[in-house]
Structures are given as structure tokens and as C-alpha cells.
Amino acid sequence: MTETMKTSNRSDAEFPAIVAGEGDLPSYLSEHKPRIDALLQKSGAVLFRGFDLPGADNFDAAIAAYGEPNFPYAESLSNAVRVNVTDRVFTANEAPPSTSIYLHHEMAQTPIYPSKLFFYCEIAPGKGGATPLCRSDVLLDKLAEQAPDLVAAFAEKGVRYTNVLPPEDDAGSGQGRSWRSMLSVTERESAEARLNDLGYDWQWMEDGSLRMTSPRLDAVRMLPDGRKVFFNQLIAAFRGWSDKRNEASKSVTFGDGTPIMPEDMAAAIQISDALSYDLEWQAGDVALVDNFLVMHGRRPFAGKRRVLASLIL
Ligand code: FE2
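So, a few notes on the structure that sits alongside this text. None of these values were measured; they are calculated from a predicted model.

1. Re the coordination of the iron ion
Looking at the metal site, the iron ion is ligated by His104 (NE2), Glu106 (OE) and His296 (NE2), spaced 2.0 to 2.2 Å from it. On the primary sequence, the residues serving as donors to the iron ion are separated as H-x1-E-x189-H. Looking at histidine 104, the relative accessible area reads 10%, which means it is buried. You can call glutamate 106 buried: its relative accessible area is 5%.

2. Details of the pattern of salt bridges
On inspection of all chains with the given rule, the structure shows 14 salt bridges. Salt-bridge contacts for aspartate 225 lead to arginine 227; the nearest nitrogen and oxygen are separated by 2.8 Å. Among the charged side chains, a network of salt bridges with common partners joins Lys33, Asp37, Glu68 and Lys116.

3. A look at the layout of surface pockets
Volume-wise, the second largest pocket comes out at about 260 Å³. Together, 15 residues line the second largest pocket, and Gln41, Leu223, Pro224, Asp290 and Phe292 are the ones closest to its centre. Looking at the lining of the second largest pocket, the elements with two or more residues in it are helix H2 (33-43) and strand S12 (221-222). It is H2 that contributes the most residues to the lining of the second largest pocket, three residues altogether.

4. With respect to the nonpolar core
Ranked by internal contacts, the top residues of the largest apolar core, which has 31 residues, are Phe154, Phe230, Ile260 and Met265. Only helix H4 (136-146), helix H5 (148-157), strand S9 (159-165), helix H8 (234-240), strand S14 (252-254) and helix H9 (262-275) provide two or more residues apiece to this core. In this structure, methionine 265 is in contact with Phe154, Leu234, Ile235, Phe238 and Ile260, ignoring residues within four places of it in sequence.

5. Here we look at the pairing of strand S17 (residues 294-298)
Among the five residues that make up S17, five are buried, leaving the element largely enclosed by the rest of the structure. Burial along S17 is two-sided: Val294, His296 and Arg298 facing one way and Met295 and Gly297 facing the other are all buried. Across three bridges, strand S8 (residues 131-135) lies against S17 in antiparallel orientation. What sits directly across from leucine 133, in S17, is histidine 296.

6. Some thoughts on the packing of aromatic side chains
Summed over all chains, the structure comprises 14 aromatic pairs. Seen in terms of ring centroids, phenylalanine 15 and tyrosine 277 are 6.5 Å apart; in terms of plane orientation they differ by 70 degrees. Their pairing is edge-to-face. One end of the pair, phenylalanine 15, is in the loop between strand S1 (2-5) and strand S2 (17-20); the other, tyrosine 277, is in strand S15 (residues 277-279), with 262 residues separating them in the sequence. Taken together, a centroid distance of 5.6 Å and an interplanar angle of 65 degrees make the contact between phenylalanine 154 and phenylalanine 230 edge-to-face. Pair noted here: phenylalanine 154 is in helix H5 and phenylalanine 230 is in the loop between strand S13 (228-229) and H8, with a separation of 76 residues, a long-range link. A relative accessible area of 1% means that phenylalanine 154 is categorised as buried. Members of the aromatic cluster, each reached through a chain of ring pairs, are Phe59, Tyr66, Phe118 and Tyr120.

The rules behind the values
Residues numbered from 1 in each chain as written. Predicted model: local features only at pLDDT ≥ 70, side-chain atom pairs only at ≥ 80, totals over all residues. Heavy atoms only, no water. Donors = N, O, S within 2.8 Å, 3.2 Å for Na, K, Ca; no water. Buried < 20%, exposed > 50% of the residue type's maximum accessible area, 1.4 Å probe, protein only. Salt bridge = Lys/Arg side-chain N within 4 Å of Asp/Glu carboxyl O. 1 Å grid on protein atoms, 1.4 Å probe; cavity = no way out; pocket = protein on both sides within 12 Å on 5 of 7 lines; lining within 4 Å. Points joined across faces, edges and corners; volume = space filled by probe spheres on them. Helix = DSSP H or I, 4+ residues; strand = E, 2+ residues; numbered from the N terminus. Core = buried A, V, L, I, M, F, W, Y, C linked by side-chain atoms within 4.5 Å. Contact = heavy atoms within 4.5 Å. Pairing = 2+ DSSP bridges. Phe/Tyr/Trp six-rings, centres within 6.5 Å; stacked < 30°, edge-to-face > 60°.

Shown next as C-alpha cells:
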């Protein structure tokens, strides 16, 4: 087995790290975990290519072999509609192929988020469908050079997110998870109790939808090794949080309720586009992504594409 790094001038480390191998991925992951974790720490994303991984059950076995605890989707406050394939594995997002899912840190718009993500390509897309990856620390550094006051405001004030959730799942939207599913409740009273515990504000809409606003969450985060990251959902919210219930520009404010202007976000969006690496999937590929260090998204696609995901606590 060989380990190679994709040379890139997008960050100080090669990104993503590529482990080219053959044979059984579960055995490789259990035998080489310290080396994989070192690559992940340095690069933020590791692509395993060329291993023998015929289906979701093998992917599940590979995740189990890696040996870290599962982050259960059912208990998360993710707003994407997902379908479980095995205990730990689910479809990455049920949003239609033409929908772009913009760069984000998984569930950074909620107080509960996974530390890492596994992706597995079961069926490579015919056209499009790459997973863009972007180093969040590099993005923040470049943004701080261009707009130091803005970065200081994000760091100081944090951010609040507002979503309107339907009463039943709406798979036609990238953020169509129902409030019943998200909060693991059936009745309004239990929804309110859960929101209260989590520090959310809320409002019931006439059509049975629920408008909920998060407590102040950090928009900039310092990692244990001192790297600072743009750990938030702002890019995805500004570019993509619009459907028949949500308007992107009203979905986010600073933590003190003051508005974030689209022109403020333009620089971050432009830098993130320039930094993105498009992971063009091949069937059997597995990617491990550090959710604190790297943002991910999904390009639109045509034809069949099946990318499964799993989250680590
Ligand atoms: Fe995601």
C-alpha cells in the first residue's frame, strides 16, 4: 500500500491526503489508525482509494473498524432529510440532483455536531456530483487579511440561525427535515420543551411549520492545536437556505441580532470557492473528513449517484 499526497497550494499541508491501497479497508483502518489520524490532523481530509468495498455493509464494517463512537442522526438537529441504510450509514442528503449543497461544517448551525464524517461512494455520478472540500483555517486566515473587522465581529458576536421547519419531511428541499423528526417529538408541547432545553426561540406558523432561532453559537472556533477555523454555516445559509419556507438573507444574524450583510459574506464566498478542492468520486472511494477543520458540500449532478455518509461523535 502506498500513501501519496495531492500537492496543492491551497493550504500549508497537502489536501486531501490520499491513501491508495488494495484489499480490505476495515483491516487497513483498524491496523493503521494512528497513521490515519496523523494524516487527518495535518490535512483535514483523507481519501481512501482502490480498496475493495462493494457495498454499504462493508462501509459500515470499515467505520466500526476505525473504532470511534457513532453520532446518531436521529438525535441530531440536522435539517437535511436522510434515510438510514445500516445502523451507522445513511444517504448523504435526499435533496434533488440539481440542488447545490454549499460548503458547511456539518451541523455547525446547531449546538450539537459531529467531530468527523465518513463518506463512501457506492455509485459514482455520471456527470457532476463532486464533493467540494475547503480548509476552514485557510479560509479564515485569508478572510482576516481582506476583512479583519468582519472576522473580529464574527469572533466576538457569534451568530444565530433561523430555520422554518415543515410539519412533515419535505425531501424536495436541502433543509426539509420536519420539526417532528428533528426534535424527535410528535406533539407541539414536547417540541417546545426540547427547544427550551436547547436555548432556542420559536414561533408556530399558521401552516403548522415551526420557526426556530438558535441560541448564540460561535462563528469562529479555536481548535486544540491553536488553529482557528470559520466553524459555522454562514456560506451555506447565505447561498442555499432558501426554499418555500426559508429566505436565505433572513436565516442568519450576528449573535446580538444585528444583520449580516450579503456584501459581508461575498468575500468569504469568493475565497471559499477559490480554495475548494472538488473530490471527484470513483466507486469504492471512502473519505474521512475532520468536521472542525474542513467544510464540505455537494455539486449538482446528473444520472445516478449514491454517496453514503456516517458521522462520528
Ligand atoms: Fe453536510
